[in-house]
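Letter by letter, the chains look like this.
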Amino acid sequence: MNKKEVLEKIKTALNCDDETVNKINEVIESTFLIGKNNKDSMIKKLMEKLNISSSDADKIYNKVIEIIGNGIKDKLKNPFKNLDK
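Residues numbered from 1 in each chain as written. Predicted model: local features only at pLDDT ≥ 70, side-chain atom pairs only at ≥ 80, totals over all residues. Heavy atoms only, no water.

Draft legend 1. Here's a closer look at the pattern of salt bridges. Overall, the coordinates contain six salt bridges when judged by the stated rule. Here E29 makes a salt bridge to K3, at a shortest N to O gap of 2.7 Å. A residue pair is termed long-range when its members are at least 10 positions apart, and E29 in helix α2 (residues 18–30) and K3 in helix α1 (residues 3–14) qualify at 26 residues. The exposed category is assigned to E29, whose relative accessible area is 52%. Ionic pairing is found between K39 and D58, a salt bridge with its closest N-O pair at 3.7 Å. Of this pair, K39 sits in helix α3 (residues 36–50) while D58 sits in helix α4 (residues 54–77), and the two are 19 residues apart along the sequence. Look at D58 and you get partly exposed, because its relative accessible area is 26%. (Salt bridge = Lys/Arg side-chain N within 4 Å of Asp/Glu carboxyl O. Helix = DSSP H or I, 4+ residues; strand = E, 2+ residues; numbered from the N terminus. Buried < 20%, exposed > 50% of the residue type's maximum accessible area, 1.4 Å probe, protein only.)

Here it is, written out as structure tokens:
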């Protein structure tokens with residue numbers, strides 16, 4: 001899964017516009033995904049960038065991690081899937 005596909009899935013899952021997805025992407029790219037401190041940091045950045053509550057930022061964080069995690073899991077299960085195209 002490439003960056004464009006990930007952003008499209010985030011956009012669809014969260015039902016948001018391109019501007020919001022771009023802001024979420026900025027936060028994702030500026031923060032390492034793994035670790036408790038990084039989760040807190042990403043949630044704070046989402047709250048600041050999008051002017052949302054902590055619970056909304058946590059929901060966005062969880063959905064983004066789920067999408068990225070599923071993409072990684074799919075790639076591990078089927079490492080040569082995209083080579084058939």
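Draft legend 2. The packing of α3 against α4, seen in detail. Running from N to C, α3 and α4 point in directions that differ by 120 degrees, and their axes come no closer than 9 Å. Handedness of the α3/α4 crossing: right-handed. Facing α3, whose interface residues are K39, M42, I43, L46, M47 and L50, α4 presents S54, A57, D58, I60, Y61 and N62. For the contact of α3 with α4, the class distribution of residues is eight nonpolar, two polar and two charged. (Axes fitted to C-alpha atoms, helices over the stretch in contact; angles between N-to-C directions. Left-handed = near helix turned anticlockwise from the far one by under 90°. Contact = heavy atoms within 4.5 Å. Nonpolar A, V, L, I, M, F, W, Y, C, P; charged D, E, K, R; others polar.)

Draft legend 3. Fine view of unusual backbone geometry. One non-glycine residue with positive phi stands out, namely N15, at about 50 degrees. The exposed category is assigned to N15, whose relative accessible area is 71%. Residue N51 is not a glycine yet carries a positive backbone phi of 55 degrees. When its relative accessible area of 70% is taken as the criterion, N51 is described as exposed.

Draft legend 4. Layout of the nonpolar core. I10, I24, I28, L46, I60 and V64 are the most contacted members of the largest nonpolar core, which totals 18 residues. For this core, the elements supplying multiple residues, two or more each, are α1, α2, α3 and α4. Counting residues per element, this core draws most heavily on α4, which supplies six residues. Setting aside anything within four residues of it in sequence, one finds L46 in contact with I24, V27, N51, I52, A57, I60 and Y61. (Core = buried A, V, L, I, M, F, W, Y, C linked by side-chain atoms within 4.5 Å.)

Draft legend 5. Seen up close, the side chain of N25. Position of N25 among the secondary structure elements: in helix α2. If we ignore the near neighbours within four places in the chain, the residues touching N25 are K3 and L7.

Keep in mind these values describe shape, not function.
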